[in-house]
Amino acid sequence: MTPNHLLALLTLLATLAFHLWQNHSAQHGGPIALPKSLWLGLTLYCWLLQPPLIIRRAPNPRAKTVWRLFWALMLARAAAEAALQWEQQPDCRLMLSCDSDYPAMLAEGITAPPVLFLRGNPEWLHKPSIAIVGSRHATPQAMRIAHDFGQALSEYGITVISGMAAGIDTAAHQGALKGKAGTIAVWGTGIDRIYPASNRALAHQIAEQGLIVSEFPLDTRPLAGNFPRRNRIIAAQSQAVLV
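Described below are features of the structure shown in this document. Bear in mind the structure is a predicted one, so any value in this text is a computation, not a measurement.

Thresholds applied
Note that residues are indexed from 1 along each chain, following the sequence as it is written. The predicted origin of the model limits local features to residues at a pLDDT of at least 70 and limits the giving and counting of side-chain atom pairs to 80 or more, whereas totals for whole chains, interfaces and linings rest on all residues. As a rule here, side-chain values cover all heavy atoms of the structure and leave hydrogens and water aside. Runs of H or I in DSSP of at least four residues are treated as helices and runs of E of at least two as strands, each being numbered from the N terminus. Under the scheme applied here, a residue whose accessible area is under 20% of the maximum for its type counts as buried, over 50% as exposed, and between as partly exposed, the area being computed with a 1.4 Å probe on protein chains only. Note on definitions: a residue-residue contact is assigned when non-hydrogen atoms from the two residues lie within 4.5 Å. Only the protein chains shown count as covering a residue, and every accessible area follows the Shrake-Rupley method with a 1.4 Å probe. The set of buried Ala, Val, Leu, Ile, Met, Phe, Trp, Tyr and Cys residues whose side-chain atoms join them within 4.5 Å is what this entry labels a nonpolar core. In this analysis a 1.4 Å probe is tested at points of a 1 Å grid over the protein atoms alone, and where it fits but cannot get out there is a cavity; an open set with protein on both sides within 12 Å along at least five of seven lines is a pocket; lining residues have an atom within 4 Å of a point. Grid points are joined across faces, edges and corners, and a volume is the space filled by probe spheres set on the points. Each residue receives one of three labels: charged for Asp, Glu, Lys and Arg, nonpolar for Ala, Val, Leu, Ile, Met, Phe, Trp, Tyr, Cys and Pro, and polar for the others, Gly being one of them.

### Observations regarding the overall build of the chain
So, step 1. Regarding its fold elements, the chain presents eight helices and seven strands.
So, step 2. In the chain, buried positions account for 43% of the 243 residues.
So, step 3. For the chain, long-range pairs separated by at least 24 residues make up 72% of all intrachain contacts whose partners lie at least 6 apart in sequence.
So, step 4. Counting every atom, the chain has about 12700 Å² of accessible surface; 59% of that belongs to carbon and sulfur.

In structure tokens form, the structure reads like this:
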């Protein structure tokens, strides 16, 4: 068997295992019992095969495919090991879509992210919630309105969800933290990368009083394509969206 055939076979097995798990969950109401490390590795392997991370400078299509599969396999193994080590920190958790407390709104409303990186209290995922989103370059008046809405909703026991971007998102989180219902920040980066860096203090406060969520592997940079994916989680997890 040539290296090309071997890599193709490994890819096929990984993909089949992932789809078998999904089909078994849908038909029998529960997942195939796989070790968490193996399940996480297969998931990250499939994620890393997506176009943004493939090797584009290979000399020909066949070589490009081989390098793409090889590096995805290596990256997935390293990413899974890093994620499991990260989970050992206080208040950090890898939530799998097969977990009993995986949020129903995410599971039913969109293609559910197979893995969620969480920092904080996961209970906020099961509370009534409203998203507040808006411009990164908001006027002072708009910032005050977002802050006041965030605080008022939180005082009424409604969790505020946003993306912790500069501008409206930041103001909404800050207002919500003054209430009693907490706030959820959904990131478009790895959960170990605070973006924007100016929100470092806010990120620590949200982790202590609310919850930070990311579907991206550790060390994922703030690429433009990540933020529409982040936004779908914000929308799916919210009963309403205030723009």
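On we go from here.
### Description of the nonpolar core
So, step 1. Judged by nonpolar contacts, the single largest core of 18 residues is most densely connected at F117, M164, W187, I206 and I212.
So, step 2. Counting residues per element, the ones that place at least two in this core are α3 (61-86), β1 (92-96), β2 (115-120) and α7 (200-209).
So, step 3. Among the elements that take part in this core, α7 stands out by supplying four residues, more than any other.
So, step 4. Among the nonpolar cores identified, the runner-up in size contains 16 residues, and L106, L125, A131 and I161 belong to it.

### So, empty space enclosed by the protein
So, step 1. Overall, the coordinates contain two cavities of 30 Å³ or more when judged by the stated rule.
So, step 2. Roughly 50 Å³ of volume is contained in the largest cavity.
So, step 3. Forming the boundary of the largest cavity are R136, G163, M164, A165, W187, G188, T189, Y195, P196, F227 and R230.
So, step 4. Residues that form the lining of the largest cavity fall into these classes: six nonpolar, three polar and two charged.
So, step 5. Here the second largest cavity defines a volume of roughly 40 Å³.
So, step 6. Lining the second largest cavity we find L106, L125, I184, V186, V213, I233 and Q237.

### Observations concerning helix α8 (residues 226-236)
So, step 1. Taken together, the buried positions of α8 are occupied by N226, F227, R230, I233, I234 and A236.
So, step 2. Next to the buried residues of α8 lie α4 (104-109), β3 (129-132), β4 (159-162) and β5 (183-186).

### Focus: the side chain of T159
So, step 1. Of note, T159 is situated in strand β4.
So, step 2. Using a relative accessible area of 0% as the deciding quantity, one classes T159 as buried.
So, step 3. If sequence neighbours within four positions are ignored, T159 has contacts with W124, K127, P128, S129, I130, A181, G182, T183 and I184.

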